[in-house]
Amino acid sequence: MIFAQLKKMNVLIKKAVIVCSTSPAHLQVKDILIIDGFIKTIDDNLVTIIDTTEINIPNLHVSIGWIDIFADFAEPGYEYKETLETGANAAAAGGYTDVMLLPNTSPTIDNKSQVEFVIQRAKNFPINILPIGAITKNTDGQALAEMYDMYQSGAVAFSDGRKSVQQSGILLKALQYVAAKNATIIQLANDKTISDGGLMNEGIESTKLGLPGIPTIAEEVMIARDIAVLQYTDSKLHCTAITTQKSVSLINEAKKQGLQITCSVTPYHLVFCDEDMNSYDTNLKVNPPLRTRADMEALQQALINGDIDCIASHHTPQSWDDKTIEFEYAKNGMITLQTTFATVNQILQNTEAVVNLFTNNARNIFNIPMPIFAEGELACLTMFNPNEEFIFKDEAILSASKNSAFIGKKLQGKVYGILHKNQMVLNK
């Protein structure tokens, strides 16, 4: 990866397909001149000027910068898995200019000091790091955290991250609070009284492998409960990492009732299912677990139909020791930031739809300011080729951890880099 400061350098992107529905040049092939971090000119056949870095890549596409809504960079407290810097590197390589970070650190991001620490630590990175504030203190589900102070300090949403809020009363109070701020609660639906002790999806495959299962009802009953509480509070709820056909149906029905509810899927739930676990690959041990092939295909169809509002990477780095171990003891999660675009792109085969999932949709849900793709505006751009195939290799990983089930897989959709915050990041 190459990092280049643009303060004394100009960049000319040649013959790029602009993918931005709010731009007059949408789906047109144009040259884009960036000077000192600003878009100077969008036109045809621009001439390279002195001290200009020219980017001329066949079938290059350019959109506004992508955003991820659910990633773990592990710092503070778990820097052996990931740091804010290594996570930012992986995100930039994956085409992201903005990443919303989970509060499941040590200490937890449950007060304004921790929110401010993350923002300050990342201020010079080429991406924006946007903290998600914890709903409860220490994400233990018992008492509300300092939500007002965190919101004032820059928290963009609230969630207990990998943990689900189990108590209905706590969730109700949190939803009532964020309603006044037009903010959103993010919930990973999992009824622990049902799922505890499970290692994979409950079904035929778990029986074959002799592993305790997690039934789909652990997710579905929680989503039904959350929808009921949401209806009472008239607030905003985002259900992340939904994994079953019934979850999609429950959320669709709630949308029809006029509730402010949205949902996201992970890249791995779209392409892997419990049948893939017969090798006991610990990289496929995730939470929520991989479901049946029927559920996987239902998620793919929901994505195509537009029932899925955005994509959540659920980037979860784990150390070698926590994955190279018996399946029972391995920790959940995989790294995904560098492969999410290609995974979704292969399923949709519709560049405009993919870009909307990674840009407009997510920003609208969480009220994140939308970059403007126009002359005179700051450049916040992602460069990619949706048709280029590549093999995702171990040596390409920029995360501090390498727990990916995508290593060695052929993917379609190559990310070339980003231009953001007067910095350029190019993949080698």
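All values reported here derive from a predicted model rather than from experimental measurement.

Caption draft 1: Quick look at helix 8 (residues 245-256). With 12 residues, helix 8 should cover 16 Å at 1.5 Å per step; its first-to-last C-alpha distance of 17 Å lies within 8% of that length. Taken residue by residue, helix 8 has Ser 247, Val 248, Ile 251, Asn 252 and Ala 254 as its buried positions. Projected onto a plane normal to the axis of helix 8, the buried residues spread over an arc of 160° and lie on a single side. Those residues of helix 8 hidden inside the fold are in contact with helix 7 (217-233), strand 14 (236-240), strand 15 (260-265) and helix 10 (293-305). Of the residues trailing helix 8, Gly 258 is marked for its positive phi of about 90°.

Caption draft 2: Structural detail: the packing of aromatic side chains. Considering all chains together, one arrives at 10 aromatic pairs under this definition. Geometrically, the ring pair formed by Phe 341 and Phe 358 is edge-to-face, given 6.0 Å between the ring centres and 80° between the ring planes. Here Phe 341 is found in helix 12 (residues 340-348), whereas its partner Phe 358 is found in helix 13 (residues 351-358), with 17 residues between them in sequence. Judged by relative accessible area, Phe 341 falls into the buried class, the value being 2%. Residue classification places Phe 358 among the buried positions, given a relative accessible area of 1%. In this structure an aromatic cluster arises from ring pairing among Trp 66, Tyr 96, Phe 341, Phe 358 and Phe 384. Lys 81 extends its terminal NZ or CZ atom over the ring of Tyr 78, reaching a point 5.2 Å from the ring centre.

Rules behind the numbers
Residues numbered from 1 in each chain as written. Predicted model: local features only at pLDDT ≥ 70, side-chain atom pairs only at ≥ 80, totals over all residues. Heavy atoms only, no water. Helix = DSSP H or I, 4+ residues; strand = E, 2+ residues; numbered from the N terminus. Expected span 1.5 Å × (residues − 1). Buried < 20%, exposed > 50% of the residue type's maximum accessible area, 1.4 Å probe, protein only. Arc of directions from axis to C-beta. Contact = heavy atoms within 4.5 Å. Phe/Tyr/Trp six-rings, centres within 6.5 Å; stacked < 30°, edge-to-face > 60°. Lys NZ or Arg CZ within 6 Å of the ring centre and 35° of its normal.

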